[in-house]
Structures are given as structure tokens and as C-alpha cells.
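# Descriptive structure summary
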Amino acid sequence: MGLTRGCSKTGCARPAVATLTYAYADRAIVLGPLATYAEPHTYDLCRDHAERLTAPRGWSVVRVGGEFSDPVLAADDLLALADAVREAGRPGSHRRAASATRTGTGGDQSPPGPTPRGQASAEAGSGVVEARRRGHLRMLKDP
């Protein structure tokens, strides 16, 4: 399956193309394009399961967007993923960078870091700053 997210249905190995969420107050199931990030309390579905989705009695299905496009992983996303894996594998890389910044010794002595790509470069260009991370959730500061 590679780097794409799979269908949440048990026993289904097809790639996901849609994300399902529940709007309990409205008694509605919202089915839309595949979300950028996998979030808790959402379900990713393949094309077959998304098209055959039915709601329980008294509930409605709200379909957002049109056709579901096949998942495509851009080269920038692959490079960003590779950079993130390399950075995470470096022992103490975050601690070294933080201490160099505090002591002012990081300047020209430290080698240049990797250039951000994909989602990381989009966030860096927009001025979004990650304030805190807790597990898979991220809290972002406004620019």
C-alpha cells in the first residue's frame, strides 16, 4: 500500500479516497474528500465503501465535494517525509539546536539543516508556528 492511508473498514486493503465524520447534533454523516491529516474520530474510506455508504434510520448522509480522486503522493511529500525520518533518527538533534540557540554558539559553526519541503515548506512560508505537540495532535500559533 505504500505511504497512502488505507480504508478504515475491517479487512479492506484498498487506499482511502474519502473521510467520514459524524455530526451527532444534526444526525448526519458527513462524507468528503480525504482529509490532509488522519484525525481521531474520523474514518477514511476507499472508493467502493464511500460510494455504497448508507445511514441508519433517521440519519442523513451529507456528501461534500464531487467525485473522489485517487490518492496521489507528490514528490515533495516523499522528500518531506524522508527529511522528517532522517531528522528524527539523528540522536539529540533537537537538544543540540536548542542549546546552540540559547548559548549563541550555533552561528557559522553548525552545518546547514535540511531545506523544508512539502507541507513543512508551506507552513514555513505561511508564518504558522507549531506551539505544542501532544501525540499526533499539533497546536499552531497564529502568525
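These figures come from a predicted structure and were not determined experimentally.

### Focus: a nonpolar patch on the surface
- On the surface, Tyr22, Tyr24 and Tyr43 cluster together into a nonpolar patch covering about 360 Å² of accessible area.
- Mapped onto the elements, Tyr22 comes out in strand β1 (residues 18-23).
- Since its relative accessible area comes to 36%, Tyr22 is described here as partly exposed.

### Observations regarding the packing of aromatic side chains
- Taken as a whole, this structure holds 4 aromatic pairs when the rule is applied.
- Each ring, one from Tyr22 and one from Tyr43, has its centre 6.2 Å from the other, and the planes form 75°; the classification is edge-to-face. Pair noted here: Tyr22 is in strand β1 and Tyr43 is in strand β3 (residues 43-45), with a separation of 21 residues, a long-range link.
- The exposure class assigned to Tyr43 is partly exposed, which follows from its relative accessible area of 40%.

### Topic: the nonpolar core
- Judged by nonpolar contacts, Cys7, Cys12, Val17, Ala18, Leu20, Ile29, Leu31, Leu45, Cys46, Ala50, Leu53 and Phe68 together constitute the single largest core of 12 residues.
- Within the residue set of this core, elements represented by two or more residues are β1 and β2 (28-33).

### Digging into the pattern of salt bridges
- In this structure the tally under the stated criterion is 2 salt bridges.
- Note that Asp44 is salt-bridged to Arg5, the shortest N-O span being 2.6 Å. Highlighted residues: Asp44 in strand β3 and Arg5 in the segment before β1, separated in sequence by 39 residues.
- One salt bridge in this structure joins Arg14 and Asp48, with 3.5 Å as the shortest N-O distance. One end of the pair, Arg14, is in the segment before β1; the other, Asp48, is in helix α1 (residues 47-51), with 34 residues separating them in the sequence.

### Quick look at the side chain of His49
- With respect to the secondary-structure elements, His49 resides in helix α1.
- Those residues in contact with His49 that sit more than four places away from it in its chain are Cys7, Lys9, Cys12 and Arg14.

### Describing the sheet that holds β1
- Within the open sheet, the 4 strands sit side by side as β3-β1-β2-β4. Their pairing is mixed. With partners counted over all chains shown, the strands left at the sheet margins are β3 and β4 (60-63), one partner each. If you compare each strand with its neighbour and ignore which way they point, the axes differ by 30° on average.

### Examining the confidence of the model for the protein chain
- Per-residue confidence for the protein chain gives a mean pLDDT of 74, with 61% of residues at or over 70.
- At the level of individual helices and strands, the protein chain shows its lowest average pLDDT in helix α3 (residues 93-103), which scores 50, and its highest in β3, which scores 93.

Procedures and definitions
- Residues numbered from 1 in each chain as written.
- Predicted model: local features only at pLDDT ≥ 70, side-chain atom pairs only at ≥ 80, totals over all residues.
- Heavy atoms only, no water.
- Patch = residues over 30% accessible without salt bridge, like charges linked within 9 Å, V, L, I, M, F, W, Y side chains within 5 Å.
- Areas by Shrake-Rupley, 256 points an atom, 1.4 Å probe, with all protein chains shown as cover.
- Salt bridge = Lys/Arg side-chain N within 4 Å of Asp/Glu carboxyl O.
- Helix = DSSP H or I, 4+ residues; strand = E, 2+ residues; numbered from the N terminus.
- Buried < 20%, exposed > 50% of the residue type's maximum accessible area, 1.4 Å probe, protein only.
- Phe/Tyr/Trp six-rings, centres within 6.5 Å; stacked < 30°, edge-to-face > 60°.
- Core = buried A, V, L, I, M, F, W, Y, C linked by side-chain atoms within 4.5 Å.
- Contact = heavy atoms within 4.5 Å.
- Pairing = 2+ DSSP bridges.
- Axes fitted to C-alpha atoms, helices over the stretch in contact; angles between N-to-C directions.
- pLDDT = per-residue confidence, 0-100.

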